[in-house]
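The primary structure of each chain is shown beneath.
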Amino acid sequence: MDGYRNEALDALSREDLARLLAVYAKNMLALDGVWFQSVERKSGMDAAMFHDVEAWSRFTVTEARRIKAFLGLPGNSGLDGLEAALKLRFNANINRWQITRTAHTLVFRNLECAVQAARKRKGMPLHPCKPAGMAEYAGFAAEIDSRITCRCLSCFPDAPEDGCGCAWEFTLAE
């Protein structure tokens, strides 16, 4: 994208740019859901989940790498770098989330998940997202800092925490 400039964006106010960012995030989520549901209908949930894990394993590294470069984070930026990067992920613009910290851990909770809400609205069963979530969150964290490990605290189909779509614990190895 270096050198290209979309002049239509220059004319937008800060508020309009923020609204457009939310539209882009929803579009990205819609694209993810559309291809997933297509595979799910044609080949079943197991095949859809296989491809979901494959896609998120690759996408999350690209997303983390680009956010890391945007923020100018060093190779091993620790939990501070991870926290800053998590806040800028595309889905951070459409899911309500919370981050809590201790000295050596960061817990990221999706309090309201747009994917699960959309499936509920359509009368579909909840998305068994834990395998893709592990690939997504562990891969994202490792790209930010290879010393960070990820553990799932709660994610469907395993019993989600009350009031929480999913929860992930990141630990920085000493």
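Residues numbered from 1 in each chain as written. Predicted model: local features only at pLDDT ≥ 70, side-chain atom pairs only at ≥ 80, totals over all residues. Heavy atoms only, no water.

Per an unreviewed UniProt entry, the protein goes by the name Cytosolic protein and belongs to Candidatus Avitreponema avistercoris.

Novice: Requested: an account of the packing of helix α2 (residues 14–43) against helix α5 (residues 114–121), with residues and values cited.
Specialist: Two elements in contact, α2 and α5, have axes whose closest approach is 11 Å; the angle formed by their N-to-C orientations is 55 degrees. On the basis of the axis angle, α2 is oblique to α5. Here α2 runs over α5; the crossing is right-handed. On α5, the residues touching Leu29, Phe36, Gln37 and Glu40 of α2 are Ala114, Val115 and Arg119. Here the residues of the contact of α2 with α5 sort into 4 nonpolar, 1 polar and 2 charged. (Axes fitted to C-alpha atoms, helices over the stretch in contact; angles between N-to-C directions. Helix = DSSP H or I, 4+ residues; strand = E, 2+ residues; numbered from the N terminus. Parallel < 35°, antiparallel > 145°, perpendicular 65-115°, else oblique. Left-handed = near helix turned anticlockwise from the far one by under 90°. Contact = heavy atoms within 4.5 Å. Nonpolar A, V, L, I, M, F, W, Y, C, P; charged D, E, K, R; others polar.)

Novice: If you had to explain the side chain of Lys68 to someone new, which residues and values would you point to?
Specialist: Position of Lys68 relative to the elements: it lies in helix α3 (residues 45–71). Here Lys68 sits buried without a salt bridge, and the closest side chain of opposite charge, Glu143, lies 5.2 Å off (N-O distance). (Buried < 20%, exposed > 50% of the residue type's maximum accessible area, 1.4 Å probe, protein only. Lys, Arg positive; Asp, Glu negative; His and termini not counted. Salt bridge = Lys/Arg side-chain N within 4 Å of Asp/Glu carboxyl O.)

Novice: Tell me about a nonpolar patch on the surface, residues and numbers included.
Specialist: There is a patch of nonpolar side chains on the surface, built from Leu9, Leu17, Val23 and Tyr24 and spanning about 330 Å² of accessible area. Take the nonpolar patch: its biggest share by element is 3 residues, from α2. Checked against the element boundaries, Tyr24 lands in helix α2. Taking the relative accessible area as the measure of exposure, Tyr24 reaches 47% and is therefore partly exposed. (Patch = residues over 30% accessible without salt bridge, like charges linked within 9 Å, V, L, I, M, F, W, Y side chains within 5 Å. Areas by Shrake-Rupley, 256 points an atom, 1.4 Å probe, with all protein chains shown as cover.)

Novice: Which residues make up the packing of aromatic side chains, and what values go with them?
Specialist: The geometry of an aromatic ring pair comes down to the distance between the two centres and the angle between the two planes. Taken as a whole and judged by the stated rule, the model has 8 aromatic pairs. Centroid distance Trp35 to Phe36: 6.1 Å. Interplanar angle 70 degrees. Geometry classified as edge-to-face. Residue classification places Trp35 among the partly exposed positions, given a relative accessible area of 24%. Note on Trp56 and Phe59: the rings are 5.3 Å apart at their centroids and 85 degrees apart in plane angle, and the pair reads as edge-to-face. Of this pair, Trp56 and Phe59 both sit in helix α3, 3 residues apart, which is roughly one turn of the helix. Put simply, the rings of Trp97, Phe108, Tyr137, Trp168 and Phe170 touch in pairs and so form one group of aromatic residues. Sitting over the ring of Tyr137, Arg89 keeps its end group 5.4 Å from the ring centre. The ring of Phe140 is capped by Arg89, whose NZ or CZ atom sits 4.7 Å from the centre of that ring. (Phe/Tyr/Trp six-rings, centres within 6.5 Å; stacked < 30°, edge-to-face > 60°. Lys NZ or Arg CZ within 6 Å of the ring centre and 35° of its normal.)

Novice: Outline the pattern of salt bridges, listing residues and values.
Specialist: Throughout the structure, instances matching the rule amount to 12 salt bridges. One salt bridge in this structure joins Arg101 and Asp80, with 3.1 Å as the shortest N-O distance. Placement of the pair is Arg101 in strand β1 (residues 96–101) and Asp80 in helix α4 (residues 78–86), with a sequence separation of 21 residues. For Asp80, a relative accessible area of 54% translates into the label exposed. A salt bridge links Arg101 to Glu83, with the shortest nitrogen-to-oxygen separation between them at 2.7 Å. Note that Arg101 is positioned in strand β1 and Glu83 in helix α4, a separation of 18 residues in sequence. We classify Arg101 as partly exposed; its relative accessible area is 34%. Overall, the relative accessible area of 18% leaves Glu83 in the buried class. Connected via shared salt-bridge partners are Asp80, Glu83, Lys87 and Arg101.

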